[in-house]
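Fold and geometry: a report
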Amino acid sequence: MLKATIDAEIFRESIDAIAALVTECRLHTAEDQIRTRSVDTANVAMVSLELQSTAFNSFSATVGELGLDIAKLKNIIGMMGKGDALTLTLLDEERKLELSFGGYRYSISLLDVNTIRKDPNPPGIDLPGKAVVPGDALNNAIKAAAVISDKIALGIDPDAMTFYMEAEGDTDHIKLALGEDELVALNPVQARSLFSIDYLKDMGRVMARADEVEVYLGIDHPVRFVFDIADGNGRVEYLLAPRIEAD
Amino acid sequence: MQFLEFARVCEHLEGIPGRLDMIEQAAAVLPRLDDEELPIFVRFIMGRVFPDWSTKKLGVGPNLLYDAVAYVVGTKRETVREAINTTGDVGLAVEGLLAKKEQTSFFIQELGLLDVYREFERMAAAEGQRSQREKLRVAQGLFGNARPLEGRYLARLMLEELRIGMGEGNIRDAVAKAFEVDVRLVEHAHQAMNDLGEVALLARRDPGALSRVTIEPFRPVKMMLAQAGTIAAQVEDHGEVAVEYKYDGSRFQFHKVGGVCRIYSRKLEDVTASLPDIARLLLEATDRDVILDGEAVAVRDGKPMPFQYVIRRFRRKHEIDSMMEKIELVPRVFDILYLDGETLMDRPLAERRKALDTVLRAHVAPQFLATDAAAAEAIYAEALDLGHEGVMVKVPGSPYTPGVRGRLWVKVKPGVETLDLVVVGAEWGEGRRAGTFGSFLLAVQDQGRLLTVGKVATGITDEVLAELYALFKDKVIARSGKEVTLEPEVVFEVGYSEIQTSPNYGSGYALRFPRFVRVREDKSVDEAETLEALVERYGRQKNGQGSL
């Protein structure tokens, strides 16, 4: 069972966070929250999202699992106006989700959850380096790197006390180092890993809206981004596998 | 069976030069497969995903495949295309890219043979606006979990071109050997079922049933084919012959049960929607349940129109009504394979013909029986006067053998001899032909391999040249100087004056004065001329026999 009303903007933010990686997902409902964890088709990136009941204007749900067509939801969200209140109602018998907002009443078919990949287990990895970065700074650096390369190195230099992003093009080079003044916090442990910009671009657009993004890093290890949504009533986590350059 | 094991089998077979050894090795694998895997393995090993009678299509083009690989490897489509250009082979390129991919992943799921098949079914089922995205997603998932060697054969399978030399004949022999059944029974069942996968399963479970397999409505069988020949030889060999006009139309197979009918093209595609007039005429002409073999002919003022008018209609998916007014198509039915639950394929042609005359009230193509060459020649002359291509000279006692190009049916037509050849490459043109392909490299097939037999550059008008460029420009898989290698998907009908031996081409033969006649859009690559048939033509011409 699910019947909840939420600010359209918060819902848009949540769906965008998932849509950066997947086109469909399994959404778990519980008495006090909704959550999802998905991996992209190539098993390279994971997203997990939690939205507490406090993020909603009203929330009433029982434990359940819905198959969401994220691509379709994104199209519907495009119709919503700022400030609209969106009511989500699960029509159990029809296996449909009704979205009503601003006079519209959409009823969309849910996907059979068995056709959607199971929630991936998060890999047990230790990422000792940590920087807390403003979301828009992170996104701007990714966009700048994308101009010259298809990969970007993220790292922490404990000597210089900086978190840095570096990209190497055929002829060009770009580096952005953020020191203590620009960072919210830094755990200065030596770290550097290389990532595909294609993945980061989509994540960056979502993270740009966050005041602070926690970035966890290691050496040739995945990166983990963690940030709040819905005024702290929700949390998104991205995990991205590194690129390892051949010697 | 894990897909990796399948890939290893393919790699092993690919390295075997001899046909017998290859059959032996393939036969050794078949008994190890379970009932669900066996039919899939048999189709996959021939580079096919679905049964031949099925109208299901994977629908994966080269670009979709490149995008999926690029996504998984962490690179761009162009890089994938370049890798393919360098190696000249999609499979090897993908294998190489996966082997040195920089992008790591969190885990991989072991791919089973059945998993891969199910994913292919998802691709085939994807329809509508979002189908390409869905197919791309499935392809990414497959390549994301594939080891390099698996990637080699996944890529080739997706393009339905395995290139390991395992053709129908070899796998048929392997099935017979693996389950110790008579190869003729396997062949018979294959002709009726039109899916070697299911035949293999039957050969294992109930070999006795192989001889009882019958043709079924809405499961098209391959069409019986004819060799080029002469009236004199056919009369001399068989005494009485049945002579029919050879129509310059397009072959079809008509299936009807009750008021429901489907029409299949020569490639066994469902073309019912494109040919409502043929469907209506034949539905009106019989009350019985039938499978008929015939030719769709374009007619204007009672005179036959050339082939190109017919094929335009077969290809038509939209605005069929307006097209129908311009081109009137009529059926010319010359054979019946099935009548009210009974297979007629094994009956002699004379008997089938009698049945046809009684069940079909109209549209039966005329047939003339002749016992001497002069009478048959007279019909041939009449056929040409009427504007037909020539005549078919058939043995009245012959059974209907799907997919077989035997001597029981012989086609006789004047002028240039033609061959249907696979286009495997092209060369950029010069002068007036700059910016398009000026000549095309042709090949015959031999046990799943394509062997070159020459180039054709003449007989192509500027208009056709532009059409050909549009047809081929996205099929380029490798470039080297002025030459390009093309995905082997298109069949040309090519005229020639003589076949000569030649060290310059892979087949060992070359064509003298090759001349482009037309694109055989109704023919797939596996229907192209075989090396065996080419050698036979060469032999006949040397002995001074035939009309060559």
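The sections below set out a description of the structure shown in this document. (Residues numbered from 1 in each chain as written. Chains lettered and ligands numbered in written order. Predicted model: local features only at pLDDT ≥ 70, side-chain atom pairs only at ≥ 80, totals over all residues. Heavy atoms only, no water.)

1. What to know about the nonpolar core
- Formed by 197 residues in total, the largest nonpolar core has its most connected members in A:F163, A:F225, A:Y238, B:F6, B:F44, B:I45 and B:F120.
- For this core, the element with the most residues is helix α4 (residues 62-73) of chain B, which contributes eight residues.
- Listed in part, the 30 residues of the second largest apolar core include B:V444, B:F472, B:F492 and B:V494. (Core = buried A, V, L, I, M, F, W, Y, C linked by side-chain atoms within 4.5 Å. Buried < 20%, exposed > 50% of the residue type's maximum accessible area, 1.4 Å probe, protein only. Helix = DSSP H or I, 4+ residues; strand = E, 2+ residues; numbered from the N terminus.)

2. A short note on the sheet that holds strand β2 (residues 241-246) of chain B
All names here are of chain B.
- Pairing in this open sheet of five strands is mixed, and the strands run β1-β11-β10-β2-β9 from one edge to the other. With partners counted over all chains shown, the strands left at the sheet margins are β1 (225-228) and β9 (367-370), one partner each. The average angle at which neighbouring strand axes cross in this sheet is 40°, direction not considered.
- The sheet contact formed by β2 and strand β10 (residues 390-394) spans five bridges and is antiparallel. From the neighbouring strand, A242 faces β10, where its bridge partner is K394. (Pairing = 2+ DSSP bridges. Axes fitted to C-alpha atoms, helices over the stretch in contact; angles between N-to-C directions.)

3. Some details on the packing of aromatic side chains
All names here are of chain B.
- Summed over all chains, the structure comprises 25 aromatic pairs over all chains.
- Geometrically, the ring pair formed by F472 and F492 is edge-to-face, given 6.0 Å between the ring centres and 75° between the ring planes. One end of the pair, F472, is in helix α19 (residues 462-472); the other, F492, is in strand β17 (residues 491-496), and 20 residues separate them in sequence. With respect to class, F472 is no different from F492; both count as buried.
- The rings of F3, F6, F41, F44, F50, Y117 and F120 are connected pair by pair, giving a single aromatic cluster. (Phe/Tyr/Trp six-rings, centres within 6.5 Å; stacked < 30°, edge-to-face > 60°.)

4. Section: the side chain of B:E150
Residue and element names in this part refer to chain B.
- Topologically, E150 is positioned in helix α9 (residues 148-158).
- A polar atom in the side chain of E150 sits 2.8 Å from the backbone nitrogen of R147.
- Excluding its chain neighbours within four sequence positions, the residues that come into contact with E150 are F3, L4, A7, L111 and N145. (Polar contact = N/O pair within 3.5 Å; in protein donor to acceptor, adjacent residues only side chain to side chain. Contact = heavy atoms within 4.5 Å.)

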